[in-house]
Amino acid sequence: MSSLNLPQKPLEPFNVLAFDPGGTTGWAHAWIHPEMLEVVTSETITMGDIGLTTGEFGPNNHHRQLYDFITKNQYDQLSPLEIACEPFHYRQNVVEDGGKFRGKVELISAEYIGVIRLACQQFGLEYYDRFTPGEAKAYVTDKKLELLGWLQTPKHPMRHRNDALRQLVKYLIVKKRVQHPITTAWRVAK
């Protein structure tokens, strides 16, 4: 069992696209096709059986690029596409660790979230945005991404991809209840 104590359900095909929207929007796409489930089971699946691609858009405006990317991926897989997205929370006068005021807030993130939500609404895609950046990063650390073989390096230029991966992994565990092989990789390394 994972630290969230969610029961594992039988493995089902999935097709999840996760986003970290912003001036540079990171994305992570993971899937397991129905045909793969003829070969593996909930108990025998490995991280290598899960398809994964990552990327990013920006830093230039990328509203149309983002919309086209979602709609293209909606048709490329055999399972219905689900979207996990980092939510936007505007917090005025937020102070970072060390007492430094964080005055630069990228409001463009809200626009990109609107594009993602529009695509989901138009195509009837499931949209999920419950994990704040802090929650996702606390639960899916760089070390855990590394143990999965999914950490994108170098970490600083790839931070948006890694943040999208955090949303993806937490979505798979919490919403889809896919624990093995993800949490198994974390436990085996301890």
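Refer to the structure printed above.
Not measured: the values here are computed from a predicted model.

Undergrad: I would appreciate a short explanation of the nonpolar core in the present structure.
TA: For soluble globular proteins, the rule of thumb is that nonpolar side chains tend to be buried together. In this structure, Phe-14, Leu-148, Trp-150, Leu-168, Val-169 and Ile-182 are the most contacted members of the largest nonpolar core, which totals 31 residues. Mapped by element, the contributors of at least two residues to this core are strand E1 (14-20), strand E2 (25-32), helix H4 (142-148), helix H5 (159-174) and helix H6 (182-188). Per-element tally for this core: the top contributor is H5, with 7 residues. When sequence neighbours within four positions are dropped, the list of residues in contact with Trp-150 reads Met-47, Ile-50, Leu-52, Leu-145, Asn-162, Leu-165, Leu-168 and Val-169.

Undergrad: Looking at this structure, how should I read helix H1 (residues 63-76)?
TA: Residues spaced three or four apart along an α-helix point in a common direction, a consequence of the helix completing one turn every 3.6 residues. When the terminal C-alpha atoms of H1 are compared, their 20 Å separation across 14 residues agrees well with the 20 Å that a helix rising 1.5 Å per residue should span. Those residues of H1 that fall on the buried side of the exposure criterion are Leu-66, Tyr-67, Phe-69, Ile-70, Thr-71, Asn-73 and Gln-74. Elements that come into contact with the buried residues of H1 comprise E1, E2, strand E3 (51-57), strand E4 (82-85) and helix H2 (108-123).

Undergrad: I'm lost on the packing of H1 against H2 in this one. Help?
TA: Between two packed helices, the angle of one axis relative to the other and the distance separating the axes together describe the packing. Relative to each other, H1 and H2 sit at 30°, their axes nearing to 10 Å. The angle between H1 and H2 falls in the class roughly parallel. Crossing angle aside, the handedness with which H1 passes H2 is right-handed. Contact with H1, carried on its side by His-63, Leu-66, Tyr-67, Ile-70, Thr-71, Gln-74 and Tyr-75, involves Ile-108, Glu-111, Tyr-112, Val-115, Ile-116, Ala-119, Gln-122 and Phe-123 of H2 and no other residues of that element.

Undergrad: Could you clarify how one ought to interpret the sheet that holds E1 in this entry?
TA: Two orientations exist for strands paired in a sheet by backbone hydrogen bonds: parallel and antiparallel. Reading across the sheet, the 5 strands line up as E3-E2-E1-E4-E5 and stay open at both edges, with mixed pairing between neighbours. The outermost strands of the open sheet, each flanked by one partner alone, are E3 and strand E5 (126-128). Taken over all neighbouring pairs, the strand axes of this sheet differ in orientation by 15° on average, direction set aside. Sheet topology note: the E4/E5 ladder contains 3 bridges and is parallel. Residue pairing in the sheet places Glu-82 in a bridge with Glu-126 of E5. With respect to the sheet, H2 is in contact with E1, E2, E4 and E5, its orientation differing from that of E5 by roughly 150°. Along the sheet face, H5 touches E1, E2, E3, E4 and E5 and points at about 140° away from the line of E1.

The rules behind the values
- Residues numbered from 1 in each chain as written.
- Predicted model: local features only at pLDDT ≥ 70, side-chain atom pairs only at ≥ 80, totals over all residues.
- Heavy atoms only, no water.
- Core = buried A, V, L, I, M, F, W, Y, C linked by side-chain atoms within 4.5 Å.
- Buried < 20%, exposed > 50% of the residue type's maximum accessible area, 1.4 Å probe, protein only.
- Helix = DSSP H or I, 4+ residues; strand = E, 2+ residues; numbered from the N terminus.
- Contact = heavy atoms within 4.5 Å.
- Expected span 1.5 Å × (residues − 1).
- Axes fitted to C-alpha atoms, helices over the stretch in contact; angles between N-to-C directions.
- Parallel < 35°, antiparallel > 145°, perpendicular 65-115°, else oblique.
- Left-handed = near helix turned anticlockwise from the far one by under 90°.
- Pairing = 2+ DSSP bridges.

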